[in-house]
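# Understanding the architecture of this molecule
Here is what each chain is made of, one letter per residue.
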Amino acid sequence: MLDAPTAHAWGVRLGHVTVMVHSGSLGTGHLAGTLALNLATSVYPKGLAHPANGFFPLLTGEQNAAALQGMRDALHTAGNFAAVNRLFLVLMATAVLQGTIGDCEFPLLYDAAHNFIWQEDEHWLQRKGATPARGYEAMQGTPFADTGELVLVPGSMGASSVVLAGQGHPQALHSASHGAGRKQARGEAMHAHEDEFRQFLHDFRVVTPIDWRRARADVRAQKLAELKQEAPFAYKGIGPVIQTLEQTGIARPVAELWLLLTVKGW
Ligand SMILES: Nc1nc2c(ncn2[C@@H]2O[C@H](COP(=O)(O)O)[C@@H](O)[C@H]2O)c(=O)[nH]1
Ligand SMILES: [Mn+2]
């Protein structure tokens, strides 16, 4: 526990098991993004050079209202899909735990979308690789009115994750990083660190839809290559990231979640 009163208020207790689900809309969000880009390019003034950075301005004005609404609908469909996806994943995980250890409850701590676009009054706020971390002022009327928004920052398959309370930093647009961030690109991680990877598989429990220890050689090789791209050495250390969030007043650490096992499902 790093902030016991806040942890207590949220029902987070020493010795409790937390199920953290990290999943989005799968392909739906990508489709929505592609649709948005197609809409933005289709209404971009003809004859004007496209922006060099690939960022097209948001479609405003009466003539673009239908296109903007179409984009919002697609994004919201993807967001809804992602929320239901997380709900089913958590129901499956808790059903297995209840079936195995008997009577136990898993009250919802929080569900936070990230990689999404929010409309806030007259503005649109896009978070990519970031998660909402609103302060208590913005959380009035919610269970987080006295503490600030609950923020989850996952570490990796070999590190702790951290629960924090958002402090609504205006320069960070009321957002926090939603993880440690990659140290190595997928391709780079896949082609090195063989010894470190073996050690990781030995030291940490990773469950996948197939039992890679018994799988056919080619299926096993494919699964291990996928796992290696997301092995702990591919990510930065979570410690300095949390320290930065705290020192900058973006979010204050509330509790550390020690890793028991990871289910990597794909
Ligand atoms: N606890 C776990 N954290 C993980 C795992 N794989 C990645 N991560 C962390 O999440 C962030 C965000 O990941 P992204 O795929 O949405 O960009 C990443 O930076 C890591 O810190 C995991 O298996 N378990
Ligand atoms: Mn994510």
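Conventions used here
Residues numbered from 1 in each chain as written. Chains lettered and ligands numbered in written order. Predicted model: local features only at pLDDT ≥ 70, side-chain atom pairs only at ≥ 80, totals over all residues. Heavy atoms only, no water. UniProt positions renumbered as here; feature names shortened; annotations may be inferred. Helix = DSSP H or I, 4+ residues; strand = E, 2+ residues; numbered from the N terminus. Contact = heavy atoms within 4.5 Å. Near = heavy atom within 4 Å. Polar contact = N/O pair within 3.5 Å; in protein donor to acceptor, adjacent residues only side chain to side chain. Areas by Shrake-Rupley, 256 points an atom, 1.4 Å probe, with all protein chains shown as cover. Nonpolar A, V, L, I, M, F, W, Y, C, P; charged D, E, K, R; others polar. Pairing = 2+ DSSP bridges. Axes fitted to C-alpha atoms, helices over the stretch in contact; angles between N-to-C directions. Donors = N, O, S within 2.8 Å, 3.2 Å for Na, K, Ca; no water. Buried < 20%, exposed > 50% of the residue type's maximum accessible area, 1.4 Å probe, protein only. Core = buried A, V, L, I, M, F, W, Y, C linked by side-chain atoms within 4.5 Å. Parallel < 35°, antiparallel > 145°, perpendicular 65-115°, else oblique.

Okay, the UniProt feature "binding site: Mn(2+)" (unreviewed entry) in the protein chain next. UniProt's entry tags His22 and His114 with the feature "binding site: Mn(2+)" (unreviewed entry), counted in the numbering of this structure. These annotated residues cover 93 residues of sequence, and their C-alpha atoms all fall within 10.1 Å of one another, placing them together at a single site. As for its placement among the helices and strands, His22 is situated in the loop between helix 1 (4-10) and helix 2 (27-42). If near-sequence neighbours (up to four positions away) are discounted, His22 is found in contact with His114, Pro154 and His178.

What follows covers the site of ligand 1. Every one of the 14 residues lining ligand 1 counts as a neighbour, but Gly155, Met157, His178, Ala180 and Gly181 are closest to it. At 2.6 Å, a backbone N or O of Gly155 approaches an oxygen atom of ligand 1. Compared with its free state, where it exposes 510 Å², ligand 1 has 77% of that area covered by protein. In the shell around ligand 1, the residues fall into five nonpolar, eight polar and one charged.

Moving on, we come to the sheet that holds strand 8 (residues 251-257). Read across the open sheet, the three strands follow the order 4-5-8; overall the sheet is antiparallel. The two strands at the open ends of the sheet, each matched to only one other strand, are strand 4 (150-153) and strand 8. Mean inter-strand twist for the sheet, computed between neighbouring axes without regard to direction, equals 30°. Inspection of the sheet shows strand 4 paired to strand 5 (residues 161-166) by four bridges, in the antiparallel sense. What sits directly across from Leu150, in strand 5, is Ala165. Running at roughly 145° to strand 8, helix 7 (residues 238-247) makes contact with strand 4, strand 5 and strand 8 of the sheet.

With that settled, consider the coordination of the manganese ion (ligand 2). Coordination sphere of the manganese ion (ligand 2), protein contribution only: His22 (NE2), His114 (NE2) and His178 (NE2), at 2.2 to 2.5 Å. All donors of the manganese ion (ligand 2) belong to a single chain; written as a sequence motif, their spacing is H-x91-H-x63-H. Here His22 is found in the loop between helix 1 and helix 2, whereas its partner His114 is found in the loop between helix 3 (65-101) and strand 1 (116-120), with 92 residues between them in sequence.

Per the UniProt annotation, the sites labelled "binding site: GMP" (unreviewed entry) are His114, Asn115, Pro154, Gly155, Ser156, Met157, Ser161, His178, Gly179, Ala180, Gly181 and Lys264. Within the secondary structure, Gly155 sits in the loop between strand 4 and strand 5. A relative accessible area of 10% places Gly155 in the buried class. Residue contacts for Gly155: discarding those within four places in its chain leaves Ser160, Ser161, Ala180, Tyr235 and Ile238.

So, about the nonpolar core. In this structure, Ala32, Leu39, Leu59, Met71 and Leu75 are the most contacted members of the largest nonpolar core, which totals 16 residues. If you list the elements that add at least two residues to this core, you get helix 2, helix 3 and strand 1. Broken down by element, this core gets its largest block of residues, six residues, from helix 3. Contacts of Met71, omitting those with residues within four sequence positions, involve Ala36, Leu39, Leu58 and Trp124.

The next subject is unusual backbone geometry. Positive phi is not limited to glycine here, since Asn115 has a value of about 50°. Its identity as a non-glycine residue notwithstanding, Asp121 has a phi of 50°, on the positive side. Mapping Asp121 onto the fold places it in the loop between strand 1 and strand 2 (123-127). Given the relative accessible area of 73%, Asp121 is considered exposed.

The next subject is the packing of helix 5 (residues 194-203) against helix 6 (residues 217-229). At a minimum axis distance of 11 Å, the contact between helix 5 and helix 6 shows a crossing angle of 95°. By the criterion of interaxial angle, the relationship of helix 5 to helix 6 is roughly perpendicular. Together, Glu194, Phe197, Arg198 and Leu201 of helix 5 and Arg220, Leu224, Leu227 and Lys228 of helix 6 make up the contact between the two elements. Of the residues that constitute the contact of helix 5 with helix 6, the class distribution is four nonpolar, no polar and four charged.

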